[in-house]
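# Observations on the three-dimensional arrangement
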Amino acid sequence: MAAASQPRAREAQAVAGQRPVGGQKAAAHGVTGPSQVFGDVWDGFLRTLAPTHAVTNALTDGLGRQWRISRCSIKPYASCRSTHSSVDAVGALLEEHHLDTEDVATLHVRLNAFVHGMCGGRKLESLPAAQLSLPYALAARVALGRADLSAYDHDNRQSP
């Protein structure tokens, strides 16, 4: 059931990403919408997501002047950001010492308790679970030579 819902979740994200573009195009042709999308009308967006501490002005402060997209980054691996330094370290060791998959028997990584709780799991049944697995991210980097999205496809996750 979870695996079947993943493509729908990804599709929903893509559709949500298209909405601002569609809204802009509609507005250019005179189409209007609700005036209080974020307000408390009909238990709106803010009341749903921040019922006790919503700051309405935070949604529009700096609009058109401050671009927060510059605070975003592209992840080099298809796993939780907390796994990336370990994937980088393993990759550097493999390259520096000219190691192949057969040369690696075990890996030992030290983690703080928070990261271990978040990324220490070994469940690979679903894509999100695998993306939160540091053991899988490192195994993929060693065995497949990469930890990109293709390393997380169903067949790779099921391979010993």
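Just above, that's the structure.
Residues numbered from 1 in each chain as written. Predicted model: local features only at pLDDT ≥ 70, side-chain atom pairs only at ≥ 80, totals over all residues. Heavy atoms only, no water.

### Let's talk about the overall build of the protein
Helices and strands together make up the secondary structure of the protein, namely seven helices and zero strands. The N-to-C order of helical and strand elements in the protein reads α-α-α-α-α-α-α. In the protein, buried positions account for 22% of the 160 residues. Look at the contacts in the protein between residues 6 or more apart in sequence, and 47% of them connect residues 24 or more apart. When the accessible surface of the protein is summed, it comes to about 12100 Å², and 58% of that surface belongs to carbon and sulfur atoms. (Helix = DSSP H or I, 4+ residues; strand = E, 2+ residues; numbered from the N terminus. Buried < 20%, exposed > 50% of the residue type's maximum accessible area, 1.4 Å probe, protein only. Contact = heavy atoms within 4.5 Å. Areas by Shrake-Rupley, 256 points an atom, 1.4 Å probe, with all protein chains shown as cover.)

### A closer look at the nonpolar core
Of all hydrophobic cores here, the largest spans 20 residues; its most connected members are Val87, Val90, Cys119, Tyr136, Leu138 and Tyr152. Going through the elements one at a time, helix 3 (84–96), helix 4 (113–119), helix 5 (127–131) and helix 6 (134–144) are the ones with two or more residues in this core. No other element matches the six residues that helix 6 contributes to this core. Other than its neighbours up to four places away in sequence, Tyr152 contacts Ala78, Ser79, Leu127, Ala130, Gln131, Tyr136, Ala137, Ala147 and Arg157. (Core = buried A, V, L, I, M, F, W, Y, C linked by side-chain atoms within 4.5 Å.)

### A closer look at unusual backbone geometry
Phi at His98 takes a positive value of approximately 50°, unusual for a residue other than glycine. When its relative accessible area of 69% is taken as the criterion, His98 is described as exposed.

### Digging into the environment of Ser150
You can see Ser150 is positioned in the loop between helix 6 and helix 7 (154–158). Judged by its relative accessible area of 32%, Ser150 falls in the partly exposed class. Considering only alpha carbons, one finds Ser150 and Ala78, 72 residues apart in sequence, at a separation of 8.6 Å. There is a polar contact of 2.8 Å between the side chain of Ser150 and the side chain of Asp148. (Polar contact = N/O pair within 3.5 Å; in protein donor to acceptor, adjacent residues only side chain to side chain.)

### Things to note about the packing of helix 3 against helix 6
For the pair helix 3 and helix 6, interaxial distance at closest approach is 9 Å and the crossing angle is 25°. Judged by the inter-axis angle, helix 3 sits roughly parallel to helix 6. Once helix 3 is placed against helix 6, the crossing between them reads as right-handed. Residues Ser86, Val87, Val90, Gly91, Leu94 and Glu95 of helix 3 pack against Leu134, Ala137, Leu138, Arg141 and Val142 of helix 6. (Axes fitted to C-alpha atoms, helices over the stretch in contact; angles between N-to-C directions. Parallel < 35°, antiparallel > 145°, perpendicular 65-115°, else oblique. Left-handed = near helix turned anticlockwise from the far one by under 90°.)

### Some points on helix 3
With 13 residues, helix 3 should reach 18 Å at 1.5 Å per residue; the first-to-last C-alpha distance of 18 Å fits that figure. Check the buried side of helix 3 and you find it contacts helix 6. Two residues or fewer after helix 3 comes His98, characterised by a positive phi angle close to 50°. (Expected span 1.5 Å × (residues − 1).)

### Points about the packing of aromatic side chains
Scanning the entire structure with this criterion turns up one aromatic pair. Measuring from ring centre to ring centre gives 5.1 Å for Tyr136 and Tyr152, while their planes differ by 70°; the resulting arrangement is edge-to-face. Of the two residues, Tyr136 sits in helix 6 while Tyr152 sits in the loop between helix 6 and helix 7, which places them 16 residues apart along the sequence. Neither residue differs from the other here; Tyr136 and Tyr152 are each classed as buried. (Phe/Tyr/Trp six-rings, centres within 6.5 Å; stacked < 30°, edge-to-face > 60°.)

### Observations regarding the pattern of salt bridges
Within this structure, the stated rule accounts for two salt bridges. For Glu95, the salt bridge is made with Arg141, and the minimal N-O distance between the two is 3.5 Å. With Glu95 in helix 3 and Arg141 in helix 6, this pair connects stretches of sequence that are 46 residues apart. When its relative accessible area of 13% is taken as the criterion, Arg141 is described as buried. The partner of Arg146 in a salt bridge is Asp148, with the nearest N and O atoms 3.2 Å apart. (Salt bridge = Lys/Arg side-chain N within 4 Å of Asp/Glu carboxyl O.)

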